[in-house]
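# Tertiary structure, described
Listed below, chain by chain, are the residues.
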Amino acid sequence: MQDTQPNTTYLKDYRVPDYLVDNTDLHFELEAKVTQVRTRLKIRRNPKAGDGLPPLFLDGVDLQLFSVTLDGIALSSTDYQELPQGLSIPVEKPEFVLEIHNSINPEENTSLEGLYLSNKMYCTQCEAEGFRKITFYPDRPDVMSKFTTTIVASKDHPVLLSNGNEIGRGHCEDGRQFVTWEDPFPKPAYLFALVAGNLEHVEDVFTTARGRKVKLQIFTEAKNIGKCDHAMRSLKNAMRWDEEVYGREYDLDIFMVVAVDHFNMGAMENKGLNIFNSACVLASPETATDSAFQRIESIVGHEYFHNWSGNRVTCRDWFQLSLKEGFTVFRDAEFSADLNSRAVKRIEDVTLLRTNQFAEDAGPMAHPIRPDSYMEISNFYTLTVYEKGAEVVRMIHTLLGADGFRKGSDLYFERHDGCAVTCEDFVRAMEDANQVDLTQFRRWYSQAGTPVLDVTDQFDESTGVYRLIVRQSCPVTPEQKDKLPFHIPFAMGLLDSTGSGIALDKAGSTQLVLEITESEQVFEFNGLRERPLPSLLRGFSAPVKVRYDYSLEQLLFLMSHDSDTFNRWDASQRFAFKAMNQLQSAYQEGLSLELSPELIVAYRNILLNKELDPALVAEIMLLPSEHSIAEESVSIDAEAIVAARTFARKSLSCALIDELKERYAELDIERPYSPNAKDIAERRLKNICLEYLCVTESADALDLAQCQFDSAGNMTDSAAALSALINYGNDQYAEQAIHQFYDRWKEDTQVTELWLAQQACSAKRGTLNNIKALMQHPAFELKNPNKVRAVIGGFANRNFQQFHKNDGSGFEFVADQVIALDKLNPQVASRVVIPITRWKKYSGELAGKMKAALLRVSNSGELSKDVYEVVSKSLVN
Ligand code: B3K
Ligand code: ZN
């Protein structure tokens, strides 16, 4: 562990910036080892910061400083102080021009933050605090400036891009060339971007609602130029959608997207120049799965939507991250729901939230969607800030209705355009536009943890009165013991014994949104003839856990009758959880296992129900994952979870073999590939049937997989067949498929990543020895986050069985990787460590072994702030 603990930054300490920067002129001379950066800043004292002229502080990290000039006069090194975190310059006037010359080393920059090289292409990533790795600057989002950028580079890098509009280009005497860009919109430094490379592009035009033509360009290496169509289509859909749903038009004449292989996350919304992880933008039917197509559509949408929710209106400080991220995730989720199947999108999002965000809320790093403090802000780009943040915005939408919400968002954009604001400003705009009081609702921003609703009911036959009694509570989270009651929109309905919805008010509505605000509340419904069956938290109207003691019969009834598709699926999940818990207990007690016959009957009915959307059938057929069972456990018994789930899948596949074959055959139709909702749903169900069939490991089933593998016309089918062969085939066939697939696709980066991930995630194939061997394969690269996520992330996050081996070898492996990665890329290292931080949730020896691995990381010497924060918080008792 390091000697000095990194500083903690607190929201309560926020102060407005002492100085503002009106203009930022940047001049880059790109060279791999020594890139020269010259900066000219027009600076003035912030009138809101009070009197006096405090020293000017500029953030700067890993920079080589050559000179500082103030109003044309060169400063000597005694005129300022160079500190580890930046420059402090005494100032005598309220307005001045500061010029700085420094250099940086993009080639050595493996953190992928600031300016770095990816396959010979220069690119940048500045959010959250990466600009300080480029030059000295007040690197905080509330300093907004107009940027002009000149890039000088050799002919090897013919494409030179930055934000805004191109205003000049030419040749230098030495044969190099330059391009100058000007961004007319003031922006914080985190939205700055630069790209230089030997790139090709596809181009299109979008005509805005007001008839302005916007040039759209997607840049990539020549070999990928055929993989840009889907992203372009998605971009145009997103631009239209934002005009229609939010009345937001694009504001520059050009919108550029660049695909980069080395990237820490999915993509970045830099003004006018979005930079994307190649995996989140490039696709073709032969090389990308349906889920890749859908991911691309939603991420392209997400980054585009940031142009308003994030760029035009940005965050005052990083505690407000959910202001832009929660809102933008909500926007992209609605975009995807409108373009595809709404119910399936909701099910997928809620599954992610319940499995992973709930685990975050219950773990050592739990934080409110607006954290109170951080050591390293990069650690707070979390599912809580993003996905729970989006749920909080969705609750406002539910409370205000679509029209009220739109009034609120219009007011928010109008009031704060061009400003750096807070979550409070967002909520206030929603209140002001609708004359409502969201005082109590604001607790969602400041209290961490997943609230629990304990629901009971009473029916009085003599009076026909039905009562729902709802008690809310919220578990203790780090630094937050006592929580005040939340304001929770609770969508519900009541079903009669025929399965019809009962009218709940005078208008005859069969669904109400109850507003829960107290720790205990009773809701009364009158005039009922019989005891109804409640359908609770429809559409997952709040990010909470609902406990209500449903019987198996009631769950079956909801599965077939609830008018809310989400709740039909949810009933199936509750049902499956119950069955899985029984199996777990039997396993723990050494009894023989038997899968509930009712579950088998229910699944048979679902599988054969042709009226149901195949996408919903597919979602139900997939039993809850090991991770979601773990999240539901008070104390995780990994071995029992694996045993229970494996047994349940085997029992289902044996019992339903004929039905699975029938549906597989019926859905296995040849047709040209299209990533539309209907085809995606059918392929998904077909491939789930294939997988279940292969669980039996029968020769017939494996032949089907082999046949699909040999003849698949798209990557979805091909990858599903590969997965079946890897996980269930005999070793020789599995080996053969793995080699064949690699030989066919080794030139394709995205397919190679998928190939790595499939092996790493496989319970059968992804043994620790094989994982180590994969890391020696030429396709693996420790400096590439996608490869790390595929192999190490795949193993630790998606290979429940091998990662949780009783000898603790999986945890030790992760610890080794964290230690190695921390030297290269702290952001990636601090994500990789997460699976071993939740040791307190485990039962038996696993907890101790996990903690020991974590302690080893902690004692491994100097750690980055990123890893230090996560590890030290996880070791607190
Ligand atoms: N805003 C970026 C995330 C930046 C992460 C920095 N560590 C992508 C997004 O949410 O759109
Ligand atoms: Zn975002």
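Residues numbered from 1 in each chain as written. Chains lettered and ligands numbered in written order. Predicted model: local features only at pLDDT ≥ 70, side-chain atom pairs only at ≥ 80, totals over all residues. Heavy atoms only, no water.

Counting its secondary structure elements, the protein chain contains 26 helices and 31 strands. Counting only C-alpha atoms and orienting by the principal axes, one finds that the protein chain spans roughly 85 × 65 × 60 Å. Across the 877 residues in the protein chain, those meeting the buried criterion constitute 61%. Carbon and sulfur atoms provide 49% of the accessible area of the protein chain, an area that totals close to 34,300 Å². For the protein chain, the distance from the average position of its 93 positive side-chain charges to the average position of its 126 negative side-chain charges is 1 Å. (Helix = DSSP H or I, 4+ residues; strand = E, 2+ residues; numbered from the N terminus. Buried < 20%, exposed > 50% of the residue type's maximum accessible area, 1.4 Å probe, protein only. Areas by Shrake-Rupley, 256 points an atom, 1.4 Å probe, with all protein chains shown as cover. Lys, Arg positive; Asp, Glu negative; His and termini not counted. Charge placed at Lys NZ, Arg CZ, Asp CG, Glu CD.)

On to the sheet that holds strand E26 (residues 465-473), then. What the four strands build is an open sheet, ordered E29-E26-E25-E31; its pairing is mixed. Edge positions in the sheet fall to strand E29 (520-525) and strand E31 (545-547), since each of these pairs with one other strand and no more. Sheet twist, expressed as the average angle between the axes of neighbouring strands with direction ignored, equals 25°. (Pairing = 2+ DSSP bridges. Axes fitted to C-alpha atoms, helices over the stretch in contact; angles between N-to-C directions.)

Across all of its chains, the model carries 40 aromatic pairs by this definition. Geometrically, the ring pair formed by Trp241 and Tyr246 is tilted, given 5.8 Å between the ring centres and 50° between the ring planes. Here Trp241 and Tyr246 have matching classes, each one buried. Taking the centre distance of 5.1 Å and the plane angle of 80° together, the rings of Tyr412 and Phe426 count as edge-to-face. Here Tyr412 is found in helix H5 (residues 383-416), whereas its partner Phe426 is found in helix H6 (residues 423-434), with 14 residues between them in sequence. (Phe/Tyr/Trp six-rings, centres within 6.5 Å; stacked < 30°, edge-to-face > 60°.)

The next point concerns the coordination of the zinc ion (ligand 2). At this site the zinc ion (ligand 2) is bound by His302 (NE2), His306 (NE2) and Glu325 (OE), with donor distances of 1.9 to 2.1 Å. Between consecutive donors of the zinc ion (ligand 2), the numbers of intervening residues give the motif H-x3-H-x18-E. Of the two residues, His306 sits in the loop between helix H2 (290-305) and strand E22 (314-315) while Glu325 sits in helix H3 (residues 321-339), which places them 19 residues apart along the sequence. (Donors = N, O, S within 2.8 Å, 3.2 Å for Na, K, Ca; no water.)

As a further point, take the UniProt feature "domain: Peptidase M1 alanyl aminopeptidase C-terminal" (unreviewed entry) in the protein chain. The UniProt record marks residues 553-875 with the feature "domain: Peptidase M1 alanyl aminopeptidase C-terminal" (unreviewed entry), using the residue numbering of this structure. With 74% helix and 0% strand, residues 553-875 has its two end C-alpha atoms placed 44 Å apart. (UniProt positions renumbered as here; feature names shortened; annotations may be inferred.)

Attention now goes to the domain arrangement of the protein chain. Each assigned domain of the protein chain is listed with its residue range as follows: domain 1 (343-536) and domain 2 (558-876). With centres defined by C-alpha atoms, the gap from domain 1 to domain 2 works out at 30 Å. On the side of domain 2, 29 residues touch domain 1, which itself brings 29 residues to the contact. Buried surface at the junction of domain 1 and domain 2, both sides included, amounts to about 2,500 Å², of which 57% is carbon and sulfur. (Domains from an automatic or database assignment. Contact = heavy atoms within 4.5 Å. Buried area = accessible area lost by both parts, 1.4 Å probe.)

What follows is about the pairing of strand E8 (residues 86-89). Where strand E4 (residues 56-59) meets E8, four bridges bridge the pair, whose relative direction is antiparallel. Across the sheet, residue Leu56 finds its bridge partner in E8, namely Ile89. Both strand E7 (residues 81-83) and E8 contribute to a ladder of three bridges, which runs antiparallel. Looking at E8, one finds that Gln81 is bridged to Ser88. Where E7 folds back onto E8 in an antiparallel hairpin, the turn is made up of two residues.

Residues in close proximity to ligand 1 total 13 residues, the closest being Glu127, Ala267, Glu269, Glu303 and Tyr386. Within the side chain of Glu303, one N or O atom sits 2.8 Å away from an oxygen atom of ligand 1. Measuring from an oxygen atom of ligand 1, one finds a side-chain N or O atom of Tyr386 at 2.5 Å. Relative to its free-state accessible area of 340 Å², ligand 1 is covered by the protein chains to the extent of 94%. For the shell around ligand 1, the elements supplying multiple residues, two or more each, are strand E20 (267-268), H2 and H3. Taken together, the residues of the shell around ligand 1 break down into five nonpolar, three polar and five charged. (Near = heavy atom within 4 Å. Polar contact = N/O pair within 3.5 Å; in protein donor to acceptor, adjacent residues only side chain to side chain. Nonpolar A, V, L, I, M, F, W, Y, C, P; charged D, E, K, R; others polar.)

With that settled, consider the pairing of E26. With nine bridges connecting them, strand E25 (residues 452-460) and E26 associate as antiparallel partners. Paired with Asp460 across the bridge in E26 is Val465. The turn linking E25 back onto E26 is made up of four residues, and Gly464 within it adopts a positive phi angle of 70°. With six bridges connecting them, E26 and E29 associate as antiparallel partners. From the neighbouring strand, Leu468 faces E29, where its bridge partner is Phe523.

Right, let's talk about the packing of helix H16 (residues 699-711) against helix H17 (residues 715-728) for a bit. Here H16 crosses H17 at 140°, and the two axes come no closer than 8 Å. Taken together, H16 and H17 sit at an angle that is classed as oblique. As H16 packs across H17, the resulting crossing turns out to be left-handed. Every residue of H17 that contacts H16 at Leu702, Ala705, Gln706, Gln708 and Phe709 is listed here: Asp717, Ser718, Ala720, Ala721, Leu722, Ala724, Leu725 and Tyr728. (Parallel < 35°, antiparallel > 145°, perpendicular 65-115°, else oblique. Left-handed = near helix turned anticlockwise from the far one by under 90°.)

Next up on the list: the UniProt feature "domain: Peptidase M1 alanyl aminopeptidase Ig-like fold" (unreviewed entry) in the protein chain. In this structure's numbering, the residues bearing the UniProt feature "domain: Peptidase M1 alanyl aminopeptidase Ig-like fold" (unreviewed entry) are residues 449-549. With 0% helix and 44% strand, the stretch residues 449-549 has end C-alpha atoms that lie 23 Å from each other.

The next point concerns helix H1 (residues 229-246). Counted at 1.5 Å a residue, the expected span for H1 with its 18 residues is 26 Å, and the 25 Å between its end C-alpha atoms agrees. Burial in H1 covers these residues: His230, Ala231, Met232, Ser234, Leu235, Ala238, Met239, Trp241, Asp242, Glu243 and Tyr246. At its buried positions, H1 is contacted by strand E17 (200-207), strand E18 (213-220), strand E19 (254-260), H2, H3 and H5. Backbone geometry just after H1 places Gly247 at a positive phi near 65°. (Expected span 1.5 Å × (residues − 1).)

Grouped burial of nonpolar side chains is what soluble globular proteins tend to show. In this structure, Ile89, Leu98, Phe426, Phe490, Phe525, Tyr603 and Ile836 are the most contacted members of the largest nonpolar core, which totals 282 residues. Examining the composition of this core, we find that 13 residues originate from one element, H5, more than from any other. For this core, the domains that each give at least three residues are domain 1 (343-536) and domain 2 (558-876). The residues touching Leu98, leaving out its near neighbours within four places in the chain, are Thr39, Arg40, Leu41, Ile43, Leu56, Leu58, Val68, Thr69, Leu70 and Ile89. (Core = buried A, V, L, I, M, F, W, Y, C linked by side-chain atoms within 4.5 Å.)

Note that Thr35 resides in strand E3 (residues 35-45). Overall, the relative accessible area of 0% leaves Thr35 in the buried class. From its side chain, Thr35 meets the backbone oxygen of Glu31 in a polar contact 2.7 Å long.

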